Amino acid sequence: MGRHTFIGVLIFTLIVLAVALLLPGRTVEKTENLPWQITRLEGGTIRVFGIELETTPLGEIEFLLGEPAEISLFNREDGQRVVEAYFDNVDVNGLRARMVMVLALSKDELQAMYAQGTRIATMGSGTRKVTLADEDLSKVRATPVNAITYIPRINLDAAIITKRFGEPARRIAENEGGIEHWLYPDKGLDIALDPEGKEILQYVVPGRFDELLKPLQAK
């Protein structure tokens, strides 16, 4: 009886190991979150880095990226306010980058958070950086993000971008600095190629792509 029991346990263990080897592990899942892997979803939004714009809350994103965000409210010279979450050192499948995410907050919510801010610092541009109250930080972490800026540590040249993202629908060169924007409206993506600095990738829901396009057309 003891020998039969041992053989039964051994067979069960081998079956479990075989199934475990066949199932996708965490490393495989991470490879689906690379910057060029953009999925259009029903309702018009996109998923990138495992984040569904206008749906995934910041707290879940912090867990996904394994890094807490530095959260601040910015009051710009033109009166516009925005809450941003800054990630200094994100590592997805060996690709290191900085990321900035904009929270989907209403004007009334931003006004209330500004009024309750615990500290205000004026930056060189005239923009005011506001430290949020603890209760507002909790609210922000429960709020979805609606835009992502991705700044890779490595340089991405035109050949790499073409290979990974394909040919852009349009290119717009800035008047100064030699920066050229590669635009992918169907992906909600603007890639700014800077010959003297780091490339910057901006993601929005495709239906809001004009928000990225208008400032470029005004230059």
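Quick summary incoming for the structure in this document. Owing to the predicted nature of the structure, the values given are computational and were not obtained by experimental measurement.

### Considerations on unusual backbone geometry
- Positive phi outside glycine occurs at F49, with the angle close to 60 degrees.
- As for its placement among the helices and strands, F49 is situated in the loop between strand 2 (46-48) and strand 3 (51-52).
- The exposure class of F49 is buried, given its relative accessible area of 2%.
- Positive phi, close to 55 degrees, is recorded for N93, a residue that is not glycine.
- Tracing the backbone through its elements, the reader meets N93 in the loop between strand 5 (81-92) and strand 6 (95-103).

### Some points on the sheet that holds strand 6
- Sheet architecture is open: 10 strands sit in the order 7-8-4-5-6-9-13-12-11-10, paired in antiparallel fashion. In this open sheet, the two strands that pair with only one neighbour each are strand 7 (119-122) and strand 10 (170-173). With direction set aside, neighbouring strand axes in the sheet form an average angle of 25 degrees.
- Here three bridges tie strand 4 (residues 70-75) to strand 8 (residues 128-131), and the two strands are oriented antiparallel to one another. Bridge assignment links L73 to a residue of strand 8, and that residue is V130.

### Description of the pattern of salt bridges
- Inspection of the entire model under this criterion finds nine salt bridges.
- Between D88 and R153 there is a salt bridge, with its nearest N and O atoms 4.0 Å apart. Here the residue D88 occupies a position in strand 5, and R153 occupies one in the loop between strand 9 (145-152) and helix 6 (158-165), the gap between them amounting to 65 residues.
- Across the salt bridge formed by R96 and D91, the nearest N and O atoms sit 3.4 Å from each other.
- Take D91: its relative accessible area is 33%, and that puts it in the partly exposed class.
- When salt bridges that share partners are traced, they join E54, R208 and E211 into one network.

### What about the sheet that holds strand 2?
- Ordered by their spatial adjacency, three strands build an open sheet running 1-2-3, and the pairing between neighbours is antiparallel. Every other strand in the sheet has two partners, leaving strand 1 (39-40) and strand 3 as the edge strands with one partner each.
- Direction of pairing for strand 2 relative to strand 3: antiparallel, over a ladder of two bridges. From the neighbouring strand, V48 faces strand 3, where its bridge partner is I51.

### Structural notes on the side chain of S72
- Considering the arrangement of structural elements, one finds S72 in strand 4.
- Ignoring sequence-local partners within four residues, the contact set of S72 consists of V82, V83, E84, K129 and V130.

### Observations concerning the packing of aromatic side chains
- Throughout the structure, instances matching the rule amount to four aromatic pairs.
- Both rings, one in W36 and one in F165, keep their centres 6.4 Å apart while their planes meet at 90 degrees; by these two values the pair is edge-to-face. Residue W36 is located in the loop between helix 2 (26-30) and strand 1, and its partner F165 is located in helix 6; the two are separated by 129 residues in the primary sequence.
- Note on W36: relative accessible area 23%, which makes it partly exposed.
- Owing to a relative accessible area of 6%, F165 belongs among the buried residues under this scheme.
- Measuring from ring centre to ring centre gives 6.3 Å for F165 and Y184, while their planes differ by 45 degrees; the resulting arrangement is tilted. Separated by 19 residues along the polypeptide, F165 in helix 6 and Y184 in strand 11 (residues 180-184) bring together distant segments of the chain. There is no split in this pair, since F165 and Y184 are both buried.
- Counting every residue linked through ring pairs, the aromatic cluster contains W36, F165 and Y184.

Rules behind the numbers
- Residues numbered from 1 in each chain as written.
- Predicted model: local features only at pLDDT ≥ 70, side-chain atom pairs only at ≥ 80, totals over all residues.
- Heavy atoms only, no water.
- Helix = DSSP H or I, 4+ residues; strand = E, 2+ residues; numbered from the N terminus.
- Buried < 20%, exposed > 50% of the residue type's maximum accessible area, 1.4 Å probe, protein only.
- Pairing = 2+ DSSP bridges.
- Axes fitted to C-alpha atoms, helices over the stretch in contact; angles between N-to-C directions.
- Salt bridge = Lys/Arg side-chain N within 4 Å of Asp/Glu carboxyl O.
- Contact = heavy atoms within 4.5 Å.
- Phe/Tyr/Trp six-rings, centres within 6.5 Å; stacked < 30°, edge-to-face > 60°.

Everything listed is a geometric property; what it means functionally is a separate question.
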